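In case you want the letters, here they are:
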Amino acid sequence: MPNIKIFSGSSHPDLSQKIAERLGQELGKVVTKKFSNQETWVTSIADRLNVDFALIHKERKKANEVDRMVLVGDVKDRVAILVDDMADTCGTICHAADKLVSAGATKVYAILTHGIFSGPAISRINNANFEAVVVTNTIPQEDKIKHCSKIQVIDISMILAEAIRRTHNGESVSYLFSHVPL
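Please read all numbers here as calculations on a predicted model, not as lab measurements. (Residues numbered from 1 in each chain as written. Predicted model: local features only at pLDDT ≥ 70, side-chain atom pairs only at ≥ 80, totals over all residues. Heavy atoms only, no water.)

## Quick notes on the pairing of strand β7 (residues 130-136)
Along β7, six of the seven residues are buried, which leaves the element largely enclosed by surrounding structure. As judged from the four bridges shared by β7 and strand β8 (residues 151-154), these two strands associate in the parallel manner. Among the inter-strand pairings, T136 is bridged to a residue of β8, identified as I154. Each parallel crossover has a hand, and the one from β7 via helix α5 (residues 142-147) to β8 is right-handed. (Buried < 20%, exposed > 50% of the residue type's maximum accessible area, 1.4 Å probe, protein only. Helix = DSSP H or I, 4+ residues; strand = E, 2+ residues; numbered from the N terminus. Pairing = 2+ DSSP bridges. Right-handed = clockwise from strand over helix to strand, strands pointing away.)

Structure below.
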């Protein structure tokens, strides 16, 4: 059975692949998981990586406040990777990390497309069960890194530049999601 699980939200599917490679895992040893209400999207990532998936279901009473979070799937004795499109105050993703550790995950990583990190976010990350929180450079992170050694940044400037070039030239931007590596 694979020893790593990835919980995916709505970020670029190749981001999961890049992180798996950075952690020294082969694609066939990565299990994709779902973090939000996008089962079809997550299933397609799992199919693309030739792995299984489970999910964390969250219910909110209001913005930035999770009412209930349920883990569906087995993470015991595995490395878990949470993948989501963005994290603002990091309450939800830190709660998810706690849930994974309580369920037996040996390590927890977070991968975010946009690390907003407002308010108590840095304090929460520093106190959470993360080995690392990996974000893209869509938002400058230099100041945040100074206060949180867990934050790592992936440069996606080339894919953004290519998206702008394609838009300017009237070419397909969706082509990037399956043909241009990060």
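That was the structure; now back to the text.
## As for the confidence of the model for the protein
Across the protein, the average pLDDT comes to 78, with 69% of residues at 70 or higher. The spread of mean pLDDT over the elements of the protein runs between strand β2 (residues 30-34), the lowest at 43, and helix α4 (residues 121-127), the highest at 98. Confidence drops under pLDDT 50 across residues 5-11; counting only partners more than four residues distant or on other chains, this segment forms 54 contacts. (pLDDT = per-residue confidence, 0-100. Contact = heavy atoms within 4.5 Å.)

## Brief notes about helix α6 (residues 157-168)
Count 3.6 residues to each turn of an α-helix, and residues three or four apart come out pointing the same way. Here α6 contains twelve residues, and its C-alpha end-to-end distance of 16 Å stays within 8% of the 16 Å for a straight helix at 1.5 Å per residue. If you follow the buried residues of α6, they end up packed against α7 (176-179). Note on α6: the residue one or two positions beyond its end, G170, has a positive phi of about 70°. (Expected span 1.5 Å × (residues − 1).)

## Brief notes about the nonpolar core
In terms of nonpolar packing, the biggest core is built from 27 residues, with L82, L100, F117 and F130 touching the most fellow members. Contributions of two or more residues to this core are made by β4 (65-72), β5 (79-87), α3 (91-102), β6 (107-115), α4 and β7. For F117, the residues in contact, after removing those within four places along its chain, are A87, D88, C90, L112, I122, I125, V133, V135, Q141, K144 and I151. Counting twelve residues, the second-largest nonpolar core is a separate cluster that includes V79, I111, V134 and A163. (Core = buried A, V, L, I, M, F, W, Y, C linked by side-chain atoms within 4.5 Å.)

## So, the pattern of salt bridges
Think of it this way: side chains of opposite charge can pair up when their charged atoms draw near. Scanning the entire structure with this criterion turns up five salt bridges. Across the pair R166 and E162 runs a salt bridge, and its minimum N-O distance is 3.0 Å. Taken together, the residues span about one helical turn, with R166 and E162 both in helix α6 at a distance of four residues. Of the two residues, R166 and E162, both sit in the buried class. Taken together, the salt bridges that share partners define one network made up of E162, R165, R166 and E171. (Salt bridge = Lys/Arg side-chain N within 4 Å of Asp/Glu carboxyl O.)

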